[in-house]
Every structure is written in structure tokens, then in C-alpha cells.
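Coordinates in review
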Amino acid sequence: MTQNKKIGLFIPCYVDQFYPNVAIATLELLEKLGCEVSYPLGQTCCGQPMANAGYERDTVGTTKHFVEIFGDYDYIVAPSGSCVLHIKDHAPAIAGMEKEQESLHYKIFELTEFLTDVLKVENLKGSFPHKVGYHASCHGQRGLRLGSSSERNEPFFSKAKQLLDQIAGLEWVELTRTDECCGFGGTFAVTEEALSVQMGKDRLQDHLTHGVEILTGGDMSCIMHLEGIAKRNQQPLKFMHIAEILNQVIS
Amino acid sequence: MSHPAKASEFLQDAAKAKWHDETLWFVRDKRDTISKTIPEWEKLRELASQIKDNVLANLDKYLVQFEEKATANGIKVHWAKDAEEHNQIVLSILQRHQCKAIVKSKSILTEECHLNPFLENNGVEVVDTDLGERIVQFLNQPPSHIVLPAIHLKKRDISELFHEKLHTEKGNEDPAYLTHAARLHLREKFLGAKVAITGVNFGVAETGEFVVCTNEGNADMGVHLADVHIACMGIEKIIPRRKDLGVFLRLLARSATGQPITNYNSHFRSPAAGKEIHIVLVDNGRTDQLAREKFKNSLKCIRCGACMNTCPIYRRSGGYSYGSVVPGPIGSILSPGLDVKKYSTLPFASTLCGSCTDVCPVKINIHEQLYEWRQEITKAQGTNAKSISMKIANGIFAVPFAYKVTGVMMRGALKILPDSITYSGLNTWGKQRDLPETPKETFKDWYKKNRT
Ligand code: SF4
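Basis of the calculations
Residues numbered from 1 in each chain as written. Chains lettered and ligands numbered in written order. Predicted model: local features only at pLDDT ≥ 70, side-chain atom pairs only at ≥ 80, totals over all residues. Heavy atoms only, no water. Helix = DSSP H or I, 4+ residues; strand = E, 2+ residues; numbered from the N terminus. Buried < 20%, exposed > 50% of the residue type's maximum accessible area, 1.4 Å probe, protein only. Contact = heavy atoms within 4.5 Å. Areas by Shrake-Rupley, 256 points an atom, 1.4 Å probe, with all protein chains shown as cover. Rg over C-alpha atoms; globule rule 2.2 N^0.38 Å. Lys, Arg positive; Asp, Glu negative; His and termini not counted. Charge placed at Lys NZ, Arg CZ, Asp CG, Glu CD. Buried area = accessible area lost by both parts, 1.4 Å probe. Salt bridge = Lys/Arg side-chain N within 4 Å of Asp/Glu carboxyl O. Nonpolar A, V, L, I, M, F, W, Y, C, P; charged D, E, K, R; others polar. Polar contact = N/O pair within 3.5 Å; in protein donor to acceptor, adjacent residues only side chain to side chain. Near = heavy atom within 4 Å. Phe/Tyr/Trp six-rings, centres within 6.5 Å; stacked < 30°, edge-to-face > 60°.

**Here we look at the overall build of chain B**
Scanning chain B for helices and strands turns up 22 helices and 10 strands. Residues counted as buried form 59% of the 452 residues belonging to chain B. Pairs at least 24 residues apart make up 74% of the contacts formed inside chain B by residues separated by at least 6 positions. Of the accessible surface of chain B, which amounts to about 19,000 Å², a share of 53% is contributed by carbon and sulfur atoms.

This is the structure we're talking about:
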């Protein structure tokens, strides 16, 4: 279904800088699944941190650049729900680019939804004998609807679980608060430092109480925040992006 | 004080903050459970949302219709453009009846208008008859939650307070005992008041009736013993038809506390023989909000409090951290409409997690409005990046690590930021968190080597 399709890899800027392994895992994973992927070298930040801080109007330049860089691809895939949501919902309208922007909306995918909805991955072979806790990032969860939200009366679903359940030996750990925010929130992490850290500690506790060994998720920003707190407090948790688990498993 | 400052103060008492979080989470959990027993829950929310959209689009007509019908039913209708007019109208009714003591059941509108201090300054004793409200009134505090006004207090606090004010046994924290004492105290007040004030949950345009919802029956107790009932109503509380109540009453109690129905839903139509009912219709900034396209649907709110119970920030910072009459997510989108400067930190007191939007029974897009207020607030603070709020800018760019992030992240978007902001020495990120290790090469470098 993706044969002869051009797939562009969109790597959030902080992942490029701090978590190259997550980007590599995403690329290799897609390649192993038969996709032809390229990473346009000219890409920069999507503008989300600025927009969420109240400066959406100053992201016209980055948005235009994004559309120019990725406009020709059939699919754009990113290992981040948050950045994908930004492109879909908060990128400012660019005069003269309405059509391209409209089509981006349908071409851009967060990694797990690309795997479940476009590639229809159903039969991952491999094993990962660990107790895994999943941190559903809010932007993925309630923004992109990658999973059912605990607030709504809807049948349970989770695109991440759909993938992780295919892996032999992997134990999906149920949490008490299944989709509470970790407190990262971009600028919030520093403007509301005390709250941000408390929220992170509470999330970590939920994972620890349920015996999680490896905490995973679809957004490195949340994981960076949670891992930063866990390390500072010497808590026995390992952190991996879901792309790293999947890529490791099927190698 | 800004929200971050008050929030970190609240978190100082870690045990109490944890208790506050867990208590409100418990309420949210009850709400989740009961909402899932209604198969058509999401349809109900959609219906409620659409009814309210219709109300907001035709508010003028519905209000006039409501006035006509209510007047025909023998109710006296008053219009108040702001808090001051509202308070004057209430006072003049009291003066006409030479009334020096009133009982009031929970009304956030009268809090908004600061009616209590106004009446007290004019020699009228005001007694809030909702138990939680009475407790905070004893303490001279505003409510910290719109449905659970004293949720920030623990049993022990209340026991001490009642010992002092109502002479209950020292150290007796038994809720039944304390409630009984409050009952005896309030009974006296009910019997002595000639005028009772209530809020209004729903005003029905089609019939001129209105509905007041309480769990304690205190509104009814006050109103039926008094000669005069003054109902204070925000103009957005209108619903078109009586049958719409079926939608809203089902949503309200379940969203608020997880109960199937509020204990007392009292319907008022016309005064009993020899008695009076007054309705004061209050604008106080509501038509201004209605004129703001992006924010007008905040007026759909039915004040259930669910967005507070679900909010991870509210639960861990308490109602007072917001410094506004209505706290929590809904307060953070209503308050900037009243005073954008005073409440400028509120829309930033959120991670934009969206839980409030998903829980709201009338489907207000709360977190999207928080995002939009951020855009408005930074505009109000100056169009040029050099004059942007230093507080926010410091927050983001103060950290060497954040600078590293932004160094790349923002190179395109942020050329406009002065270096003095980006290089400030304060390391907020790293106070309680480790930084990620800097890898040997970026992905871009790796890609160039390995794939091109
Ligand atoms: S905004 Fe929605 S959830 Fe919050 S109090 Fe109003 S009706 Fe309830």
C-alpha cells in the first residue's frame, strides 16, 4: 500500500539533537516494514514551542518552510504526537498555500497511527519479555485520538497497545490513571516548574506501583521530562520510545 | 501573585496537596463511572452543546421571551448591566421590605458581583446556607471550588472552626455531629429571614420558569420560609424549552459529583399568594464575551465543576491559586475576558492536555480557548518580541539546556529573540530534573553519513 509512495520522515528538532537513536529507530523500523523513507535535510523546528507559548503569529516562516519541505511527499511520518498535532491544528494559515496545507492534514501521521492505520501492521514477529508501562501523551491521546480517552464514553482502543500486544513476552501494565498528563507541557515545564515536577512524580509513582520496568511512549518530550525526574531521584525505571522497542524487536 | 507562585506555595504542604489531588480525583472517577452507565452519554453532551449554541445565537430573543412569560406569571424581572447595578437592585428590594438579614443559597453569580460585602456594608446580615459556603463564610474566604466550596479544608479544620463559631465539642470530627450542629445554627437563620436569595441554574424561555439545583435543600428551605425570593441569574442561563431540562439535569449532577440526579431540583413559576419573586438578569461582561468569536462558547458553561475535578493543575494547586471567582480551566478562559492583565498567567497554567474539554458536559473546547488566550495575551503584551513578557521568555529560554533545544528548535522561528533572554543563567529545568546527555552526533549528521 505504500509501494511507490514517497514517505518523508519528520524528526522533531529536539529529537534530532538529543535523541538521535529514536530517529534512527523510527527510520529503520519503517524501512524494515518495507517503506521507502527519506529525511529531508532542510527541515527545522515545526514552531510548536513558540505557538504554545502564545506566539503562533511568529511561526509563519517556519510553517511556510515546513510546507515547502514536505509538500511533495505522499506521507509524512513523525515519532511525535505533539508535533504532528501542531502541524494539523495550530500551524497558521499561509496565504497562497491553502491547498498544500489542507492536504498536509491528511498526509501527516504520528508513527503508531501510521503503523496501525496505513501500514496495517498486524503481525509483528519478535519478543520483548518485559513489563512495559505506556505513557499516553496528551497531544497524541486527546489531540490525535490515538487511544480512547478515559473521560469519554467510548469503546476502549489504543494504537500503541494494538502494536505492543503483538510482541511475544511483552506485558502491558495497566495503570491507575491511564491517561493523566505528565506535566511536561512545553514552556509549562519551566514556567510552572513546581507543578510540572509534581505531576511528573505522580505519573512515575503510578508506573512504579504497578511494577513497570520500562516506561515507553510516543513523545520524547514527555519521556525526557519523566526520565529527568526519575534519574534525579534514582528510581529504577528504564525509558524507551516506542519506536526503539518495535525496531529492536523485529530486527 | 501569579499562578506559578501560588501553586508552588500550595505544593509546599505535600501531604495536603496529595490529599487534595486524590479527593478530587475520586470525584472525577465517580463521574467517569456513572457517565459510562449512560449509553447515550456522548450524544447527550452533543445535544446539550447544540442547545446552548442555539441559545447563544438567539440570546436576545430568548431573554425577552423569558421576561414576558415570567412577568405574566407574576414575577418581577430586573435587568442589571453589571455587578454594581445588580447589587443596587438587590439592596433596594431589601430596603423596601426593611429587611436586615437574609439567607442565601449557593450562587456563584453573587460571588462574582461581591454581593456579600456590599450588603454587609449596607447593614444587612448575609448568611450562606450551603454548608460548604457557610464554612468558608465563617473563615472570610471565597469558595475554592464552584461545586465544593470548602474542598480545600479537612475535617479537622472544620471541627476547629465549628468549635470556635458554634461551640461544638473540641476535637469532635464526626461529620454527622458537625453537620447536625450546622443544621441547628442554620435553622435559626432560616426562620429569621424575610428575604431569601438564590442563584439560578436554568431559566426556561418558553415558560418563564426557573430551576435551582441544590443537594442540601437549603434553597427551598430559605425560599419557602421567606416572603420574598430574589433569584440572581446570569443571562446565559437561559434554555429554550422546558423539555431541554431533561438533557441538562441528567448531565449536571453526573458531571458534578457522579450522582444520578441532584437531590433537589426546584422549579419556580409564580409567587404564592402574598409573596414576591424577583429575578435579576445580569450581564456583567457576558455580552462582551459573546462578542468574542473565539471565546463566546465559554458562556455555555453550566457550572458543574467537572473541569476542575479533572484538571491535573487544579487538583495540585487548589482553587485559590487562580485568584479568580471561578477557578480551574473554565475560570482561566472566563477571567481574562474580565481583566486580561490581572489574569494573564491563567491561560498558561495548563499543559493543554485537553482533559477539561473531554469531560465538559456542554463540550466547551476549553483547552483550545486557553491556547487562543495565550495568543491574545502575548499580543496585548506587545507585538515585538523584545517586549514580550520576560517572565514567560525567561521560563523558556533561561535554561542552558533549553537554549540548546531552542538553539536548533528556534533558529528559524526565533531569530527575533534577544540574546539576553536566551542566555540568562537561571536553570529552572535542572532544579529537580536531570538533563538528557548530549549525544555524539545529531540524527542529521548520522543520516548524512549513513543514508546519503
Ligand atoms: S466548563 Fe464545562 S466542565 Fe467546566 S464547569 Fe462549565 S460545564 Fe462544567
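There's plenty left to go through after this.
**Let's talk about the overall build of chain A**
Counting secondary structure elements, chain A contains 13 helices and eight strands. The C-alpha atoms of chain A give a radius of gyration of 18 Å, which matches the 18 Å a tight globule of 251 residues would have. The dimensions of chain A, computed from C-alpha atoms along their principal axes, are 55 × 45 × 40 Å. The long-range fraction of contacts in chain A, counting pairs at least 24 apart against all pairs at least 6 apart in sequence, stands at 78%. If you sum the accessible surface of chain A, you get close to 8,900 Å²; carbon and sulfur atoms cover 48% of it. The distance from the centre of the 22 positive side-chain charges to the centre of the 32 negative ones in chain A is 2 Å.

**Considering the interface of chain A and chain B**
Facing 68 residues of chain A, the contacting portion of chain B comprises 74 residues. It is F18(A), E151(A) and N153(A) that lose the most area in chain A upon contact with chain B, and together they represent 11% of the buried surface on that side. Taken together, chain A and chain B are joined by 10 salt bridges. Measuring nitrogen to oxygen at the nearest pair gives 3.1 Å for the salt bridge that ties D21(B) to R177(A). Put simply, the parts of the chain that give the side of chain A that touches chain B at least two residues each are α1 (13-18), α2 (20-32), β2 (37-38), α3 (48-55), α8 (138-143), α10 (188-191), α11 (193-209) and α12 (220-232) of chain A. Among the elements that take part in the side of chain A that touches chain B, α11(A) stands out by supplying nine residues, more than any other. Taken together, the residues of the side of chain A that touches chain B sort by class into 31 nonpolar, 19 polar and 18 charged.

**Here we look at the side chain of E151(A)**
Mapped onto the elements, E151(A) comes out in the loop between α8 and α9 (159-164). Classification of E151(A) as buried rests on a relative accessible area of 0%. Looking at E151(A), its side chain comes within polar contact range of the side chain of S149(A), at 2.6 Å. Within the structure, the side chain of E151(A) is placed 2.5 Å from the side chain of S355(B), a separation counted as a polar contact. In this view, E151(A) contacts R142(A), D179(A), R28(B), R31(B), D32(B), K36(B), T310(B), S355(B), D358(B) and V359(B); residues no more than four positions away in its chain are not counted.

**A look at the site of the ligand**
Residues in close proximity to the ligand include C301(B), I302(B), R303(B), C304(B), G305(B), C307(B), I330(B), C360(B), P361(B), V362(B), I364(B) and I366(B), which together make up its full environment. Taken together, the residues of the shell around the ligand sort by class into 10 nonpolar, one polar and one charged.

**Focus on unusual backbone geometry**
Residues and elements named next belong to chain B. Not every positive phi belongs to a glycine, and N140 is a case in point at roughly 65°. As for its position among the elements, N140 is in the loop between α8 (131-138) and α9 (155-166). Non-glycine residue L352 carries a positive phi angle of around 60°. Of note, L352 is situated in the loop between α16 (328-338) and α17 (355-359). Taking the relative accessible area as the measure of exposure, L352 reaches 6% and is therefore buried.

**Some remarks on the packing of aromatic side chains**
Residues and elements named next belong to chain B. Under the criterion given, the structure shown has 17 aromatic pairs over all chains. Measuring from centroid to centroid gives 5.8 Å for F443 and Y447, while their planes differ by 50°, and the two rings are tilted. Residue F443 and its partner Y447 are located together in helix α22 (residues 443-451), separated by four residues, close to a single helical turn. Taken as a pair, F443 and Y447 share a single burial class, namely buried.

Honestly, that's just the spatial picture; any functional story needs more than this.
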